[in-house]
Amino acid sequence: MTAPYRRTSKMLSCCITIAIMTTVHGFSAPSTRRTAIEQIRTISFTPFVTTLLPPPRDAAAAETTPIFAAWNAVDGLNSLDSEKKIVSFDKSAYQAMMNDQSRTPLFEQAIINRLKSAEGGPEGQVVLDLGTGPFALFAVVAAKNGAGKVYAIEASKEAAASARDTVKKLGFEDKITILEGFSTDISLPGGEKADFAIAEIVGSVASEEGAYATISDAHKRLLKNPSDTKSWIPSRIQTYAAPASYSLHNLFKPPEFDWTKLDGAPVRFNCRDEGLQLLSDPVLVEDISFAEIGKGFQKKEVTFIVDGIRVEENIKRFDVEFKNGRIDEARKLAIATANSVSGIALWPRLTLDDDTDINSRHYPDGGHQKSHWQTVLPIMSPEPVAVKGGDQIAVNFDFDVTSEVTRPPSYKISGCVEGI
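Residues numbered from 1 in each chain as written. Predicted model: local features only at pLDDT ≥ 70, side-chain atom pairs only at ≥ 80, totals over all residues. Heavy atoms only, no water.

Undergrad: Explain the layout of surface pockets to me, please; I cannot follow it from the model alone.
TA: It is a probe the size of a water molecule, rolled over the atoms, that shows where empty space is left. Within this model, the largest pocket holds a volume of roughly 520 Å³. Around the largest pocket, the lining comprises 23 residues; the ones closest to its centre are R114, S117, T229, K230 and S231. If you list the elements that add at least two residues to the lining of the largest pocket, you get α3 (104-116), β6 (232-233) and β13 (343-353). Class assignment for the residues of the lining of the largest pocket results in five nonpolar, eight polar and ten charged. (1 Å grid on protein atoms, 1.4 Å probe; cavity = no way out; pocket = protein on both sides within 12 Å on 5 of 7 lines; lining within 4 Å. Points joined across faces, edges and corners; volume = space filled by probe spheres on them. Helix = DSSP H or I, 4+ residues; strand = E, 2+ residues; numbered from the N terminus. Nonpolar A, V, L, I, M, F, W, Y, C, P; charged D, E, K, R; others polar.)

Now the structure itself:
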């Protein structure tokens, strides 16, 4: 199966979102968030900064505001083709994955450790690489470190061809066999089964690349001991979530800008993007163990409490953001933005083995850090909803991760903001 539903999103930066919205007064869609912040100063309609301040908390404080978002894993992304709803990637995207120092070296070490710990030595090990990509990166790591045989499966015709070229150039044709197609349609030659599988098919929402369907099938047919956690790298994938404030959602508002035109496609952020700030501590909302596939939860009810300390820190960060963009009344806008919720942010966490985890955001507080994975933010209301410390954001997570590899997972988050 091909790797990710990630990173080559049609919205590689937050501001590409604006490209599909209504433009007014000659304001064209900016290419970066900073450009968007700077261009807002040139718009001729009446400034709306003062309307963004949180409303007084009196009788309205007891009211609830509904929030909702629903999307498919491929919404806003490029599919393999019109029929097979699997995302395709160019080599630059795969290059970014390979160069991610918070990911690749840890995978490499986990593969080496697994081979070294094998009874009878690495040469007796049959390794399966699901979604090998154009560089056959982890298949090559296994071969270099003594694996007896490596089967590398790739759904993309172009990526599979490139993987064959890579293997040939490196001289591993005798050890690595590239198998083209979906793993659910492939059996290993001679009915062989693998000692362990490498499956870096983890999306920015952990399940969005079809990991559940892929691993469920491999569990039944392709592994010798699929119920053993040592048979999988990673052995567990998770999605964490927290309510978030978003700078551009506060800068660009109806009626001039219509966020509903995203049509469900979430905004995808670089994990270091200061335009998104979390309002509470993260909560685990999706948990899939590859050794116990089918026992992870994909439905959950969560009540987040807006953290007043986070709000105060976020005001400082947004203030810097808006001042750097030369926005008038930056402090007022920073206060309004920090005291608002735009949606529920989601991001992945991987457990490779008993000793190694990979975090796309800082764990456990969800802070910013470098990663090729993105933070996914579904916009859950046409305008940001005003909040303050102590308010409750109660939501239901309903993830249909699907057992069919060519049917993309779907996601629904619904709930309400409750003032105190």
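Undergrad: I tried to follow the environment of S280 on my own but got confused; where do I start?
TA: The residue S280 is located in the loop between β9 (276-278) and β10 (283-289) in this model. With a relative accessible area of 3%, S280 lands in the buried category. Taking C-alpha positions, S280 is 8.7 Å from D365, a pair spaced 85 residues apart along the chain. Residues contacting S280, with those up to four places away along its chain left out, are A242, P243, F304, I305, D307 and R310. (Buried < 20%, exposed > 50% of the residue type's maximum accessible area, 1.4 Å probe, protein only. Contact = heavy atoms within 4.5 Å.)

Undergrad: Sorry if this is basic, but what is going on with the sheet that holds strand β5 (residues 196-198) here?
TA: One key point about sheets: their strands pair by backbone hydrogen bonds, in either a parallel or an antiparallel sense. Reading across from one edge, β4-β3-β2-β5-β6 is the order of the five strands in this open sheet, with parallel pairing throughout. On the outer flanks of this sheet lie β4 (176-180) and β6, each paired with one strand and no other. Inspection of the sheet shows strand β2 (residues 126-130) paired to strand β3 (residues 149-154) by five bridges, in the parallel sense. In the strand pairing of β3, L130 is matched with I153. Here helix α4 (residues 137-144) sits on the sheet in contact with β2, β3, β4 and β5, set at roughly 180° to β3. (Pairing = 2+ DSSP bridges. Axes fitted to C-alpha atoms, helices over the stretch in contact; angles between N-to-C directions.)

Undergrad: Could you clarify how one ought to interpret α3 in this entry?
TA: In an α-helix, one turn spans 3.6 residues, which is why side chains three or four residues apart end up on the same side. For α3, with 13 residues, the first-to-last C-alpha span of 18 Å sits near the 18 Å given by 1.5 Å per residue. Buried within α3 we find T104, F107, A110, I111, I112, R114 and L115. (Expected span 1.5 Å × (residues − 1).)

Undergrad: Just to check I follow, could you spell out the packing of aromatic side chains for this structure?
TA: Across all of its chains, the model carries ten aromatic pairs by this definition. Taken together, a centroid distance of 4.9 Å and an interplanar angle of 20° make the contact between F107 and F138 stacked. Placement of the pair is F107 in helix α3 and F138 in helix α4, with a sequence separation of 31 residues. When sorted by exposure, F107 lands in the same class as F138, which is buried. Aromatic side chains F399 and Y411 sit 4.8 Å apart centroid to centroid with 85° between the ring planes, which places their arrangement in the edge-to-face category. Taken together, the positions of F399 in strand β17 (residues 392-400) and Y411 in strand β18 (residues 410-418) put the pair twelve residues apart, joining distant regions of the chain. Of the two residues examined, F399 and Y411, each falls in the buried class. Directly above the ring of F107 sits R103, whose terminal nitrogen or CZ lies 5.8 Å from the centroid. (Phe/Tyr/Trp six-rings, centres within 6.5 Å; stacked < 30°, edge-to-face > 60°. Lys NZ or Arg CZ within 6 Å of the ring centre and 35° of its normal.)

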